[in-house]
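Here's the letter readout for the chains.
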Amino acid sequence: MQTVSGKTVLRQAVAGWRAAGERVAIVPTMGSLHGGHLSLVETARRIADRVVATIFVNPTQFGPGEDYAVYPRSLDSDADKLAAAGADLLFAPSVAAVYPFGIEQATRVIVPGMTERLCGASRPGHFDGVTSVVARLFALVQPDVAVFGQKDFQQQLVIRRMVEDLGLPIEVAVAPIVREADGLAMSSRNAYLGTDERQAATAIYQVLTAAAEEVRCGNRDFAAIEENAASKLAKSVSRVEYLAIRRADDLAPPQTGSGQLVVLAAALIGKVRLIDNVLVDIG
Ligand code: PAF
């Protein structure tokens, strides 16, 4: 696997593959890779001929007081993991390469509406940073397909909307959540958890699956399920940011009809913010 930080070498590599008729996938990450990220690379390998993984801790998606400065960075071991997972190229650019006019003067891509609720309500501006950087990575790599994880459920929907709205010729694929043996969704931020916090974190998936099960069994009093689940979760975590049952295709509150729903939560355990979700079909 080749590791590159410059746009010219990146473009040459991708142009060579494209000229040979190969389908190129991008797996955007912020590094500190775990099994969830590596499953995205595996998905990309199945659906494309070449896989470009990117590692870029994007300053514009962190709010003031969030963990940008201390976000775990481990480029060398990440590169080894990506090579073992079968990525063809690692693109690890500098902040100046991604934002050549500086962050303040950078062109931004904003998806209104669905970015303002759930994670967007608790992290104002977060998704503007995500879409702005993903649009740049798409422009640099020019992939045929992009692979994101279901764990960041709202993120993948926002990116789908951006791709559709801008008419980008990129397919968006979503890979399922990879969990630890006790159900906790893999996340780079799990590394911040102390022993007791790590134990408390298991409540998130337990509460989400119980709420999803109630919906699956026919309970349509979504507000009551949300309230009950949030108060159960509050017993284990420091703060429940949200616990919500939403339509899986647009995150609107569900009607009693049919379709796929998603039960999502964000919670703080100490200072560590974790998110998770569980899909549920209601026929
Ligand atoms: O999901 C992430 O790791 C980031 O939000 C992404 C998509 C790499 C953009 O910085």
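In what follows, the accompanying structure is described. (Residues numbered from 1 in each chain as written. Predicted model: local features only at pLDDT ≥ 70, side-chain atom pairs only at ≥ 80, totals over all residues. Heavy atoms only, no water.)

What follows deals with the pairing of strand S3 (residues 50-55). Of all six residues making up S3, five are buried, and the element is well covered by its neighbours. Pairing geometry for strand S2 (residues 24-29) and S3, over six bridges, is parallel. The residue of S3 that forms the bridge with Thr-29 is Ile-55. Once you follow S2 into helix H2 (residues 35-47) and on to S3, the crossover reads as right-handed. Here S3 pairs with strand S4 (residues 89-91) via three bridges, running parallel. (Buried < 20%, exposed > 50% of the residue type's maximum accessible area, 1.4 Å probe, protein only. Helix = DSSP H or I, 4+ residues; strand = E, 2+ residues; numbered from the N terminus. Pairing = 2+ DSSP bridges. Right-handed = clockwise from strand over helix to strand, strands pointing away.)

Helix length check: helix H8 (residues 195-216), at 22 residues, gives a terminal C-alpha distance of 33 Å against a target of 32 Å (1.5 Å per residue), a fit within 8%. Turning to H8, its buried residues number three or more, namely Ala-200, Ala-201, Thr-202, Ala-203, Ile-204, Val-207, Leu-208, Ala-211, Ala-212 and Val-215. Against helix H9 (222-234), strand S7 (239-247), strand S8 (260-269) and strand S9 (272-281) lie the buried residues of H8. Immediately downstream of H8, the backbone of Gly-218 shows phi near 110°, a positive value. (Expected span 1.5 Å × (residues − 1). Contact = heavy atoms within 4.5 Å.)

With respect to topology, three strands assemble into an open sheet ordered S7-S8-S9, the strand pairing being antiparallel. Both edges of this open sheet fall to S7 and S9, since each of them pairs with a single strand only. Adjacent strand axes in the sheet meet at a mean angle of 10°, parallel and antiparallel pairs treated alike. Along the sheet, H9 makes contact with S7 and S8, crossing S7 at roughly 150°. (Axes fitted to C-alpha atoms, helices over the stretch in contact; angles between N-to-C directions.)

Near the ligand you find Pro-28, Thr-29, Met-30, Asn-58, Gln-61, Val-130, Val-133, Phe-148 and Gln-155, and these make up its full shell. Gln-61 has a polar side-chain atom sitting 2.6 Å from an oxygen atom of the ligand. The separation between an oxygen atom of the ligand and a polar side-chain atom of Gln-155 is 2.7 Å. At the level of elements, S2 and helix H6 (126-141) are the ones that each hand at least two residues to the shell around the ligand. When its residues are assigned to classes, the shell around the ligand shows five nonpolar, four polar and no charged. (Near = heavy atom within 4 Å. Polar contact = N/O pair within 3.5 Å; in protein donor to acceptor, adjacent residues only side chain to side chain. Nonpolar A, V, L, I, M, F, W, Y, C, P; charged D, E, K, R; others polar.)

Across all of its chains, the model carries four aromatic pairs by this definition. Relative to Phe-148, the ring of Phe-138 lies with its centre 6.5 Å away and its plane at 65°, an arrangement referred to as edge-to-face. Separated by ten residues along the polypeptide, Phe-138 in helix H6 and Phe-148 in strand S5 (residues 145-149) bring together distant segments of the chain. Residues Phe-138 and Phe-148 agree in their burial class; the two are buried. (Phe/Tyr/Trp six-rings, centres within 6.5 Å; stacked < 30°, edge-to-face > 60°.)

Here we come to the sheet that holds S3. What links the strands of a sheet is backbone hydrogen bonding, and the strands pair in either a parallel or an antiparallel sense. Ordered by their spatial adjacency, six strands build an open sheet running S1-S4-S3-S2-S5-S6, and the pairing between neighbours is parallel. The open sheet terminates on both sides in strands that have one partner only, identified here as strand S1 (2-4) and strand S6 (171-175). When strand polarity is set aside, the average angle formed by the axes of neighbouring strands in this sheet is 25°. The pairing of S2 with S5 spans two bridges and is classified as parallel. Across the sheet, the residue bridging to Ile-26 is Ala-146, located in S5.

Moving on, we get to the side chain of Ser-188. Looking at the element boundaries, Ser-188 is found in the loop between S6 and H8. Engagement of the side chain of Ser-188 in a polar contact is seen with the backbone oxygen of Ser-32, the distance being 3.1 Å. Not counting residues within four places of it along the chain, the set of residues in contact with Ser-188 comprises Gly-31, Ser-32, His-34, His-37, Tyr-71 and Pro-72.

Core analysis: the largest hydrophobic core is formed by 45 residues, its most contacted members being Leu-10, Val-52, Leu-89, Phe-91, Val-134, Phe-138 and Ile-159. Broken down by secondary-structure element, the contributors of at least two residues to this core are helix H1 (7-19), S2, S4, H6, S5, helix H7 (153-166), S7 and S8. Tallying contributions element by element places H6 first for this core, with nine residues. Excluding anything up to four places from it in sequence, Phe-138 contacts Ile-26, Pro-143, Ala-146, Phe-148, Ile-159, Met-162, Val-163, Leu-168 and Ile-170. (Core = buried A, V, L, I, M, F, W, Y, C linked by side-chain atoms within 4.5 Å.)

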